[in-house]
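This is what each chain is made of:
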Amino acid sequence: TSHHSLKRVLVTGGLGYIGSHVVVALLMTGRYLPIVVDNCHNSYPEALKRCAEIARDELGSDAPQPLFHRKDIRDKAALDEIFRQYDEQGGIWAVIHLAALKAVGESGEIPLDYYQVNVVGSIYLLETMAKHNCNHLVFSSSATVYGTPKIIPIPESSPLQAASCYGRTKAMVEDIIQDLCRADVGEGKGESSLRAVSVRYFNPAGAHPSGKLGEEPRGKPGNLLPLLAQMATGRQRADLKIFGNDYPTRDGTCVRDYLHVMDLANGHVLALDSLAKPLSGNTIFSHVNVESEGYFRAFNLGKGKGMSVLNMIDAMKKASGFDFKYEIVGRRLGDVPDLTADPSLAEEELGFLAQEDLDTMCRDLWNFQTRNPHGYESTSSLPSPIL
Ligand code: NAD
Ligand code: WQD
């Protein structure tokens, strides 16, 4: 069959943890063709082969295949060339923009790199989109934009007061996108103006249930779940340190809102779908003032269920059978006691509901970890379809 009717969606950062699951979710719709742009800074081309494999396993041999350009979003000429290439075939319909640097601690050490990739890279992307009349955008934001929130569960209306350089880059890009959406309306561009949805993720966890795709960062993981998974397989022998048990929470350890990465990936598809819907009448985005604000929406993507560090260690013990030994140490700089989402807006307006429970997240994470004990790198044999 031909795939000419598929809408082309550029996925920046599409080899990464979340991006690769988004690529699978897009392929599974049978309506979108993902075109990945990634420089492999924190990922491997192997992820793309795994995405293609999953699509073939589930949809058959004529499943659409993702395309890949190994390029840096800081290279504006390269972005322009990619868009130009697809213009001849009907153009790129939308962009899902996930490419970014994301380590909170590192962002305080090398802030200019973070502003260059996350902010300047986003501006280059927006400029290139405008030049090529690509008017639909889903942007990867983060719960970290809320800083230390006053109201829990956190509504989208909570003020943005990020406590790290990383968080500020995300909040800045949200502002830039929102200003662009407003400006487009002001110029009376009507149909051709930018429509954008910013998705603020809480803590993604787990892996694709096939065990072929998961979180595979370069270097030692700094986040709790990948660290627990690598400890349980023996890949990391580091001692487990709990950063503080004197927080004002149920058991004194920090509380986070974990959601399954495939739920999160499907949230991107819903956000993308919403961009194609007209705003008039009793449709979604009922409370956007298009006249003055343009078509910009921000949504929390979470489950709305808080889990403590100790809850997570228990859940990973249950999934892996590994008896984690830990010590309690001092608080980690920049950690906040509780980041739990109010996910009701995304449910009302996008129809988004994070379905999978914590045991499923840990089971799928453990399945991925045991099937890929040394990650993607050692399994790469065939060349990947780099364009
Ligand atoms: P990741 O590091 O696995 O994915 C990011 C991808 O972007 C990587 O594949 C990396 O190689 C690529 N990239 C980095 N710099 C690039 C550049 N200059 N040009 C092209 N590609 C580049 O991280 P992830 O967890 O999948 O995060 C994806 C997005 O989601 C990021 O924007 C991140 O800030 C955001 N986010 C992540 C989390 C989380 O907990 N994982 C939470 C909230 C938001
Ligand atoms: C979870 C909890 C730690 C490791 C980070 C970013 C956030 C978002 C997701 C992108 C915390 C505790 C951890 C360890 C521990 N990313 N912990 N010992 O900090 O909630 O979120 O990733 O946007 O912006 O900040 O995730 O997994 O690092 O930590 O006790 O060795 O586990 O203190 O309470 P976090 P995490």
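Look up a bit, the structure's there.
The present account deals with the structure reproduced in this document. Being a predicted model, the structure only gives us computed values, none of them experimental. (Residues numbered from 1 in each chain as written. Chains lettered and ligands numbered in written order. Predicted model: local features only at pLDDT ≥ 70, side-chain atom pairs only at ≥ 80, totals over all residues. Heavy atoms only, no water.)

Let us look at the overall build of the protein chain. Broken down by element type, the protein chain carries twelve helices and 14 strands. A compact globule built from 387 residues should have a C-alpha radius of gyration of about 21 Å, and the protein chain, at 20 Å, falls within 12% of that. Here the C-alpha coordinates of the protein chain stretch approximately 60 × 50 × 40 Å along the principal axes. Counting all 387 residues of the protein chain, 55% fall into the buried class. Across the protein chain, the fraction of contacts at a sequence separation of at least 24, relative to all contacts at a separation of at least 6, is 82%. (Helix = DSSP H or I, 4+ residues; strand = E, 2+ residues; numbered from the N terminus. Rg over C-alpha atoms; globule rule 2.2 N^0.38 Å. Buried < 20%, exposed > 50% of the residue type's maximum accessible area, 1.4 Å probe, protein only. Contact = heavy atoms within 4.5 Å.)

Here we come to the packing of helix 7 (residues 224–233) against helix 10 (residues 309–320). With their axes 11 Å apart at the nearest point, helix 7 and helix 10 run at an angle of 35° to one another. The two elements helix 7 and helix 10 meet at a crossing, and its hand is right-handed. Touching Leu224, Leu225, Leu228, Ala229 and Ala232 of helix 7 are Val309, Met312, Ile313, Met316 and Ser320, all from helix 10. (Axes fitted to C-alpha atoms, helices over the stretch in contact; angles between N-to-C directions. Left-handed = near helix turned anticlockwise from the far one by under 90°.)

This next bit is on the site of ligand 1. In the vicinity of ligand 1, 28 residues are found, and the nearest of them are Asp38, Asn42, Ser43, Tyr166 and Lys170. Side-chain polar atom of Ser43 to an oxygen atom of ligand 1: 2.7 Å apart, as the coordinates give it. Measuring from an oxygen atom of ligand 1, one finds a side-chain N or O atom of Lys170 at 2.7 Å. In the complex, 94% of the free accessible area of ligand 1, which totals 810 Å², lies under the protein chains. By residue number, the principal contributor to the shell around ligand 1 is strand 5 (residues 136–142), which donates three residues. (Near = heavy atom within 4 Å. Polar contact = N/O pair within 3.5 Å; in protein donor to acceptor, adjacent residues only side chain to side chain. Areas by Shrake-Rupley, 256 points an atom, 1.4 Å probe, with all protein chains shown as cover.)

Lining the immediate environment of ligand 2, one finds 18 residues, of which Tyr166, Leu224, Lys241, Arg256 and Asp335 sit closest. The separation between an oxygen atom of ligand 2 and a polar main-chain atom of Leu224 is 2.8 Å. The protein chains hide 87% of the 690 Å² of surface that ligand 2 would expose on its own. For the shell around ligand 2, the elements supplying multiple residues, two or more each, are helix 7 and strand 8 (240–243). At three residues, the largest contribution of residues to the shell around ligand 2 is made by strand 8. Its residues placed into classes, the shell around ligand 2 shows nine nonpolar, five polar and four charged. (Nonpolar A, V, L, I, M, F, W, Y, C, P; charged D, E, K, R; others polar.)

Before going further, it helps to spend a moment on the sheet that holds strand 2 (residues 32–37). Taken together, seven strands build an open sheet; the order of strands is 3-2-1-4-5-6-11 and the sheet is parallel. Looking at strand neighbours, the two that pair on one side only are strand 3 (67–69) and strand 11 (295–301), the edges of this open sheet. Mean inter-strand twist for the sheet, computed between neighbouring axes without regard to direction, equals 20°. Sheet analysis places strand 6 (residues 195–201) next to strand 11, joined by seven bridges and oriented parallel. Among the inter-strand pairings, Arg195 is bridged to a residue of strand 11, identified as Tyr295. Together, strand 1 (7–12), strand 2, strand 4 (94–97) and strand 6 form the strand contacts of helix 1 (residues 17–29), whose direction differs from that of strand 2 by roughly 155°. (Pairing = 2+ DSSP bridges.)

With that out of the way, let us pick up the environment of Ile242. Here Ile242 lies in strand 8. Sequence separation of Ile242 and Cys254 is twelve residues, and the distance between their C-alpha atoms is 9.4 Å. If we skip the residues at most four places from it in the chain, Ile242 touches Thr253, Val309, Leu310, Ile313, Tyr326, Glu327, Ile328 and Val329.

Further remarks concern the pairing of strand 11. The buried count for strand 11 comes to seven of seven residues, which makes it a mostly enclosed element. Of the two faces of strand 11, the one carrying Tyr295, Arg297, Phe299 and Leu301 and the one carrying Phe296, Ala298 and Asn300 are both buried.

Our next topic: helix 1. Counting buried positions along helix 1 gives eleven out of 13 residues, so the element sits mostly inside the fold. Here helix 1 has its buried residues at Tyr17, Ile18, Gly19, Ser20, His21, Val22, Val23, Val24, Ala25, Leu26 and Leu27. Where helix 1 terminates, the next one or two residues include Gly30, which has phi positive at roughly 70°.

A separate point is the packing of helix 10 against helix 12 (residues 358–371). The description of two packed helices rests on the angle between their axes and on the distance between the axes. Interaxial distance between helix 10 and helix 12 falls to 9 Å at its minimum, and their mutual angle equals 55°. Taken together, helix 10 and helix 12 sit at an angle that is classed as oblique. At the point where helix 10 passes helix 12, the crossing takes the right-handed sense. Mapping the contact onto sequence places Asn311, Met312, Ala315, Met316, Lys318, Ala319 and Ser320 in helix 10 and Leu358, Asp359, Cys362, Arg363, Leu365 and Trp366 in helix 12. (Parallel < 35°, antiparallel > 145°, perpendicular 65-115°, else oblique.)

On to the pattern of salt bridges, then. Inspection of the entire model under this criterion finds 21 salt bridges. Taking the shortest distance from any N to any O, the salt bridge between Asp273 and Arg31 comes out at 3.0 Å. One end of the pair, Asp273, is in helix 8 (residues 261–275); the other, Arg31, is in the loop between helix 1 and strand 2, with 242 residues separating them in the sequence. Taking the shortest distance from any N to any O, the salt bridge between Glu81 and Arg84 comes out at 2.7 Å. Of the two residues, Glu81 and Arg84 both sit in helix 3 (residues 76–87), three residues apart, roughly one turn of that helix. Judged by relative accessible area, Glu81 falls into the partly exposed class, the value being 37%. Shared partners join several salt bridges into a network, and the residues in it are Glu46, Lys49 and Arg50. (Salt bridge = Lys/Arg side-chain N within 4 Å of Asp/Glu carboxyl O.)

As far as function goes, none of this settles anything; it's purely spatial.
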